[in-house]
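These are the residues of each chain, in order.
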Amino acid sequence: QVQLVESGGGSVQPGGSLRLSCVASGTIFSIRGMNWYRQAPGKQRELVASITRGGSTNYADSVKGRFTISQGNAKNTVYLQMNSLKPEDTAVYYCNAELWAIGLPKYTEYWGQGTQVTVSS
């Protein structure tokens, strides 16, 4: 069984920093890519940042230059370094991965449970 577990959320003042982590565990054959999404109250879930197995990254315009996505050496861990945080970054942040679990015939999308990030003075 595959699980994505996030950590690192919390409360911070505007201009502060947080680092989110997500670990994919279970019987995994291959990971195609990992992503961070966020969902603010009353808004749709949006893609924040993504990273492929080869290390290519992509960011939402709203976070470019402030957030950095990276992966661990084992490729089953993804981080989101968030700097210069703004109140509008407040949301539940979700880890997402497209991976091939052993026993399944294809890549499947998995989600973590989410971690709250609150930016407020």
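Details of the structure are given in the entry above.
These numbers come from a predicted model, not from an experiment.

> In this structure, what is going on with empty space enclosed by the protein? I would like to understand it.
Taken as a whole and assessed by the stated rule, the structure comprises 1 cavity of 30 Å³ or more. Here the largest cavity defines a volume of roughly 40 Å³. Around the largest cavity sit Ile-31, Gly-33, Met-34, Ile-51, Thr-52, Arg-53, Gln-71 and Lys-75, which together line it. Where the lining of the largest cavity is concerned, the elements lending two or more residues are strand E4 (28–39) and strand E5 (46–52). For the lining of the largest cavity, the leading source of residues is E4, giving 3 residues. Each residue belonging to the lining of the largest cavity can be placed in one class, and the counts come to 3 nonpolar, 3 polar and 2 charged.

> I tried to follow the pairing of strand E9 (residues 91–101) on my own but got confused; where do I start?
Working note: regular strand, side chains alternate between the two faces of the sheet. Within E9, 8 of the 11 residues are buried, which leaves it mostly tucked inside the rest of the structure. Across 10 bridges, E4 lies against E9 in antiparallel orientation. Its bridge partner lying in E9, Tyr-37 is registered against Tyr-94. Bridging between E9 and strand E11 (residues 115–119) involves 3 bridges; their strand directions are antiparallel. Within the sheet, the bridge partner assigned to Tyr-93 lies in E11 and is Thr-115.

> What should I look at first to understand the packing of aromatic side chains in this one?
Two aromatic rings, taken as a pair, are described by how far apart their centres are and by the angle between their planes. Enumeration over the complete set of coordinates arrives at 4 aromatic pairs. With a centroid separation of 6.5 Å and an interplanar angle of 80°, the aromatic rings of Tyr-94 and Trp-111 are classed as edge-to-face. Of this pair, Tyr-94 sits in strand E9 while Trp-111 sits in strand E10 (residues 108–111), placing them 17 residues apart in sequence. Counting every residue linked through ring pairs, the aromatic cluster contains Phe-29, Trp-100 and Tyr-107. Seen from the ring of Tyr-79, Arg-19 lies directly overhead, with NZ or CZ sitting 4.0 Å from the centre. Sitting above the plane of the Trp-111 ring, Arg-45 keeps its charged end 4.7 Å from the centroid.

Each value, and the rule that gives it
Residues numbered from 1 in each chain as written. Predicted model: local features only at pLDDT ≥ 70, side-chain atom pairs only at ≥ 80, totals over all residues. Heavy atoms only, no water. 1 Å grid on protein atoms, 1.4 Å probe; cavity = no way out; pocket = protein on both sides within 12 Å on 5 of 7 lines; lining within 4 Å. Points joined across faces, edges and corners; volume = space filled by probe spheres on them. Helix = DSSP H or I, 4+ residues; strand = E, 2+ residues; numbered from the N terminus. Nonpolar A, V, L, I, M, F, W, Y, C, P; charged D, E, K, R; others polar. Buried < 20%, exposed > 50% of the residue type's maximum accessible area, 1.4 Å probe, protein only. Pairing = 2+ DSSP bridges. Phe/Tyr/Trp six-rings, centres within 6.5 Å; stacked < 30°, edge-to-face > 60°. Lys NZ or Arg CZ within 6 Å of the ring centre and 35° of its normal.

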